[in-house]
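What the coordinates show
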Amino acid sequence: MMLESYRKFFDEAAATAEKIRQRISAGSTILVAGHFDADGLAAAGVLAKALYREGARFHVSVLKQLDPETVDHLSNLTPETIILADIGSGYLELLGGLARSKEIFILDHHQTEGECVGRFTHLNPHLYNIDGGKEVSGAGVAYLVAKAMNRGNQDLAVLAVVGAVGDMQDKNEGRALRGFNSHIVEDGVEGGYLRVDADLLMYGRETRPIHKALSHTVNPFLPGLSGEEDNCLAMLSSLSIPVKDGDRWRAPVELTTEEKKMIMSAIVENIISKGLEGAVAMNLVGSVYTLLKEEKWTPTRDAREYAALLNACGRMGRPSVALAICMGERGSTLAEANQILSEHRRALAGYMSMIRERPGIIENLESVCIIHGEDFLDENMTGAVSSLISSSEVLATDKVVLVLAKTKSGDIKISARATERLVEKGLNLGLVLQQNAKKHGGFGGGHRAAAGAQIPRSKLREYVEDLNKNLLGTLR
Ligand code: C5P
Ligand code: C5P
Ligand code: ZN
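Residues numbered from 1 in each chain as written. Chains lettered and ligands numbered in written order. Predicted model: local features only at pLDDT ≥ 70, side-chain atom pairs only at ≥ 80, totals over all residues. Heavy atoms only, no water.

Now for the overall build of the chain. Helix and strand content of the chain: 18 helices and 15 strands. For 476 residues, the compact-globule formula gives about 23 Å, and the C-alpha radius of gyration of the chain, at 22 Å, lands near that figure. Dimensions along the principal axes, computed over C-alpha positions, put the chain at roughly 65 × 55 × 45 Å. A sequence separation of at least 24 residues applies to 64% of the contacts in the chain between residues at least 6 apart. Looking at the chain as shown, the accessible area adds up to about 19,500 Å², and 50% of this sits on carbon and sulfur atoms. The average position of the 54 basic charges and that of the 61 acidic charges among the side chains of the chain differ by 1 Å. (Helix = DSSP H or I, 4+ residues; strand = E, 2+ residues; numbered from the N terminus. Rg over C-alpha atoms; globule rule 2.2 N^0.38 Å. Contact = heavy atoms within 4.5 Å. Areas by Shrake-Rupley, 256 points an atom, 1.4 Å probe, with all protein chains shown as cover. Lys, Arg positive; Asp, Glu negative; His and termini not counted. Charge placed at Lys NZ, Arg CZ, Asp CG, Glu CD.)

Next comes the structure, spelled out in structure tokens:
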């Protein structure tokens, strides 16, 4: 039986779809503006595909954040209808001016702040007591509207699953999408677009040699194995697990149950030998989401690998490649995305070794672990670095991770992440960052476990000390 809150959310999605359809019929040109990470790009892809199928006139653009300059830019564009996807709910006041000259639709899952004034339609799960941080992504919200527009859009459920795993909404027991997301998964399965299996979540399960797949796995982060291909090969050889079948490399999908058990035991032992919780390894077992209409042996066949491709394209300044993939292009576009993913990995690995090796980068206060990347970190990479450090739990157990970089304008960009344990203690990072940033002349927001902010450089010291103090009560 469906929860009443879910039913209301579905109804509101249908009403939103109807309003968008009216804008199409009125001949209005629509701008879809999505956030630049995997979920935002998947959300923009869902809407672009749905609008294309309706024969609408539309443009797509990608936003890094909402600040006064971005809003100014949007207000100067010609389309008189704007759909914000995976962005907007935390910045309603800022958008007020825009809604005087344009019709605005916000399809988002971030925590909301402020009131909508003007020509706004605001669709957000939090307004129905559905946790947007864990139960439905920006692409999920976009999918609801797309499906209400036309049931033929049910195939887009897979992009909503890509968005949800891209936003790490699978951080549950068994790495499964739950709550509202399970309805979207059901749509995909029922339509024959998606299959859910339980397996080892090695990155490149169908596409990479076993040792490479293991070393490419960073969620969960496996100390000594993630990013360490030689160690992975040595471990497999010590277990006498053949990495080749004749001349051909074996992929993880070909491992026998016995071999998988041996690998799991070795990983647990390895984690414990590093003085860490062996239970982290359990995050390596869980739900695998396979996109059945994608070619076998390609990365877009696995939802998590698909999300990694989109994320890399967005963060490396190549969002159009990600959008083309969402719209269905493969071939040379997919090869290009793979290339961008390799560059993203290399950049991330480079940053991680700099953080480990250069003195003075890591600063520990009681409740926050600060990574000072102001002098070397690309502002678009703070989120990826922060997610990786927080989920690895190597640098900071039971602390909020803050990764800092300098923006082009000279401000400080902050990416904050918290573990599930801290969220269970009642931490709401999005809210704390939003309030703290405002207090110190900046802006911020996000979800309970993942949030961000931007503040003036001169306010950095007082900002982090204040944040550290504010978090103490919750974290103890
Ligand atoms: O803007 P959006 O909601 O799409 O972004 C959320 C970001 O937070 C994603 O980059 C996602 O990977 C990250 N995240 C995280 N840990 C969580 C939840 C989200 O690092 N538990
Ligand atoms: O940039 P990052 O990946 O760290 O963002 C984490 C989450 O916080 C995302 O969902 C992003 O949309 C949100 N965020 C925000 N306001 C900011 C920065 C980030 O709402 N100024
Ligand atoms: Zn999102």
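Before going further, it helps to spend a moment on the site of ligand 2. Surrounding ligand 2, one finds 17 residues, the nearest of these being Y91, H110, K413, S415 and R417. Between an oxygen atom of ligand 2 and a side-chain N or O atom of K413, the distance comes to 2.7 Å. Between ligand 2 and G446 there is a distance of 3.4 Å, counted from an oxygen atom to a backbone nitrogen or oxygen. Alone, ligand 2 offers 450 Å² of accessible surface; in the complex the protein occludes 91% of this. (Near = heavy atom within 4 Å. Polar contact = N/O pair within 3.5 Å; in protein donor to acceptor, adjacent residues only side chain to side chain.)

What follows deals with the domain arrangement of the chain. Looking at the assigned domains, one finds that the chain contains domain 1 (4-192), domain 2 (208-355) and domain 3 (358-475). Taken over C-alpha atoms, the centre of domain 2 sits 27 Å from the centre of domain 3. Taken together, the contacts link 13 residues of domain 2 with 19 residues of domain 3. The largest share of the area that domain 2 buries against domain 3 comes from R315, Y351 and I355, three residues that together contribute 43% of it. Between domain 2 and domain 3 we count zero salt bridges in total. Taken together, the connections running from domain 2 to domain 3 amount to three residue pairs in polar contact (both at pLDDT 80 or more). It is helix α14 (residues 331-357) that contributes the most residues to the side of domain 2 that touches domain 3, seven residues altogether. Of the residues that constitute the side of domain 2 that touches domain 3, the class distribution is 11 nonpolar, one polar and one charged. (Domains from an automatic or database assignment. Buried area = accessible area lost by both parts, 1.4 Å probe. Salt bridge = Lys/Arg side-chain N within 4 Å of Asp/Glu carboxyl O. Nonpolar A, V, L, I, M, F, W, Y, C, P; charged D, E, K, R; others polar.)

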